[in-house]
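The lines below spell out each chain.
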Amino acid sequence: MRNVVVADSAGFCFGVKRAVEIVEKQIEESSNQPIYTYGPIIHNEIVVSEFEANGVRVIEEDMPLNDIEPGIVIIRSHGVSRSVVEDLKAHGFEIVDATCPFVLKIHKLVQEFDEKGYRIIIVGNPSHPEVCGIIGWIPSGQYYCISTVEEFDALNLPKDKIIGIVSQTTFNYDKFQELVEMIRQKGYDICAKNTICSATEERQKEAVRISQKSEAMIVIGGKSSSNSRKLFEICQENCKNTYFIQTKDDLDLSVLQSIDDVGITAGASTPKKIIEEVQEKCQN
Ligand code: F3S
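Summarised in this report is the structure supplied together with it.

What counts, and where the lines are drawn
- Residues numbered from 1 in each chain as written.
- Predicted model: local features only at pLDDT ≥ 70, side-chain atom pairs only at ≥ 80, totals over all residues.
- Heavy atoms only, no water.
- Helix = DSSP H or I, 4+ residues; strand = E, 2+ residues; numbered from the N terminus.
- Rg over C-alpha atoms; globule rule 2.2 N^0.38 Å.
- Buried < 20%, exposed > 50% of the residue type's maximum accessible area, 1.4 Å probe, protein only.
- Contact = heavy atoms within 4.5 Å.
- Areas by Shrake-Rupley, 256 points an atom, 1.4 Å probe, with all protein chains shown as cover.
- Lys, Arg positive; Asp, Glu negative; His and termini not counted.
- Charge placed at Lys NZ, Arg CZ, Asp CG, Glu CD.
- Pairing = 2+ DSSP bridges.
- Axes fitted to C-alpha atoms, helices over the stretch in contact; angles between N-to-C directions.
- Salt bridge = Lys/Arg side-chain N within 4 Å of Asp/Glu carboxyl O.
- Core = buried A, V, L, I, M, F, W, Y, C linked by side-chain atoms within 4.5 Å.
- Near = heavy atom within 4 Å.
- Nonpolar A, V, L, I, M, F, W, Y, C, P; charged D, E, K, R; others polar.
- Expected span 1.5 Å × (residues − 1).
- Arc of directions from axis to C-beta.

What to know about the overall build of the protein chain
At step 1: Summing up its helical and strand segments, the protein chain has 10 helices and 12 strands in all.
At step 2: For 284 residues, the compact-globule estimate of 2.2 N^0.38 gives 19 Å, and the C-alpha radius of gyration of the protein chain, at 21 Å, lies within 12% of that figure.
At step 3: Taking the principal axes of the C-alpha coordinates as reference, the protein chain spans close to 60 × 60 × 25 Å.
At step 4: Classification of the 284 residues of the protein chain by burial places 51% in the buried group.
At step 5: In the protein chain, of all internal contacts separated by at least 6 residues, the share reaching a separation of at least 24 is 72%.
At step 6: Surface summary for the protein chain: the accessible area is close to 14000 Å², and the carbon and sulfur share equals 46%.
At step 7: Here the protein chain holds 30 positive side-chain charges and 43 negative ones, and the gap between their average locations is 4 Å.

Observations regarding the sheet that holds strand β11 (residues 242–245)
At step 1: Reading across the sheet, the 4 strands line up as β1-β12-β10-β11 and stay open at both edges, with parallel pairing between neighbours. Of all strands in the sheet, those with a lone pairing partner are β1 (3–6) and β11, marking the two edges. Here the strands of the sheet are splayed against their neighbours by 20° on average, with no regard to which way each runs.
At step 2: As paired strands, β1 and strand β12 (residues 261–266) are joined by 4 bridges and run parallel to one another. Bridge pairing links N3 to D261 in β12.
At step 3: Across the face of the sheet, helix α9 (residues 226–238) comes into contact with β10 (216–220), β11 and β12 while running at roughly 165° to β11.
At step 4: Of the strands in this sheet, β1, β10, β11 and β12 are in contact with helix α10 (residues 272–283), which crosses β12 at around 170°.

Considering the pattern of salt bridges
Should the charged atoms of two oppositely charged side chains come close, the side chains can pair.
At step 1: In this structure the tally under the stated criterion is 9 salt bridges.
At step 2: Here R119 and D160 are joined by a salt bridge, their closest N and O atoms 2.8 Å apart. A residue pair is termed long-range when its members are at least 10 positions apart, and R119 in strand β6 (residues 119–123) and D160 in the loop between α6 (149–155) and β8 (163–167) qualify at 41 residues.
At step 3: By relative accessible area, D160 is classed as exposed at 56%.

Quick word on the nonpolar core
At step 1: Ranked by size, the top nonpolar core spans 26 residues in total, and within it I218, I220, V262, I264, V278 and C282 carry the most contacts.
At step 2: Of all the secondary-structure elements, those providing two or more residues to this core are α8 (198–213), β10, α9, β11, β12 and α10.
At step 3: When residues in this core are grouped by element, the largest group, 5 residues, is from β10.
At step 4: Filtering out sequence-adjacent residues up to four positions away, C282 remains in contact with R2, V4, I218, L251, L256, V262 and I264.
At step 5: If you look at the next biggest cluster of nonpolar residues, it comprises 25 residues, including L65, V84, F113 and V166.

Observations concerning the site of the ligand
At step 1: Inspection of the region around the ligand gives C13, G15, S77, C100, F102, T169, C197 and T200 as its neighbouring residues.
At step 2: Class assignment of the residues belonging to the shell around the ligand gives a composition of 4 nonpolar, 4 polar and no charged.

Some words on helix α1 (residues 14–29)
At step 1: Between its terminal C-alpha atoms α1 stretches 22 Å, which fits the 22 Å expected from 16 residues at 1.5 Å a residue.
At step 2: Buried residues of α1: G15, V16, A19, V20, I22, V23 and Q26, and no others. One face of α1 carries all of its buried residues, which in axial projection span an arc of 150°.
At step 3: Considering only its buried residues, α1 is in contact with β2 (35–38), α2 (45–53), β3 (56–59), β4 (72–75) and β5 (94–97).

A word on the sheet that holds β8
At step 1: Reading across from one edge, β7-β6-β8-β9 is the order of the 4 strands in this open sheet, with parallel pairing throughout. Sheet topology places β7 (144–146) and β9 (190–192) at the edges, where each strand pairs with a single neighbour. On average, each strand axis in the sheet is inclined to that of its neighbour by 25°, with strand direction left out of account.
At step 2: Running over the sheet, helix α4 (residues 101–115) touches β6, β8 and β9 and is turned about 170° from β8.
At step 3: Here helix α7 (residues 173–185) sits on the sheet in contact with β6, β7, β8 and β9, set at roughly 170° to β8.

What is shown is where atoms sit, not what they do.
What follows is the structure, encoded as structure tokens:
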């Protein structure tokens, strides 16, 4: 039988588990009010459609709120900007906040940096919903978003102010440390807060350990899950036979034909059941 190692850290992180439980609780306690999530509650189509079957509808960002019957809106773990919260309230929606506490911490930090007059740098992807949410808590609206030292250099920032640096929670831990160190070495006065969540860091480190020892590596995650994509990149650096799948159905067993050692990891929005199904398929 093939040796299959599943990462202990694979699957729902604390914030995603909490958000999913909050939705389940709202369904259970449901009065006659409609229940919505602001955007899909997690990056997993299967979980989202199960909730939809229980009457939970998704409010997409571009939907005009005037056309939607007010009800309970659950804010997902990525968080949203202050203006979104205010807009929802102004349209009569009741907010149930499932923003991950680690993300809430970044919202507070950028507000503090802004109040102190720091120049704010967010390390991450500017189009990711978490980063869009963070940006929306900077009162002045002044910030820079980068992910490489080249992008930092291109900004040509003067050295007249302290630079306050935070990171998207799912950014690569080593790359963040490296980037901060490079900025420091350029002579900038910085206040850097490593806001990468420990779940991501642990998941990434475990992915490195397992992929270094495996002949093939399987990363399970939703198509639009950024933390799953990052896991895929990390595993690919150590194991050329790395495959990104959403469910067991995407796994082509022929690629594992002559392979004895397979490693599995999964992004933060992957339910346990899907991981177990993939594990079982690999073993057999
Ligand atoms: Fe929160 Fe970290 Fe998960 S920030 S949503 S516990 S990946």
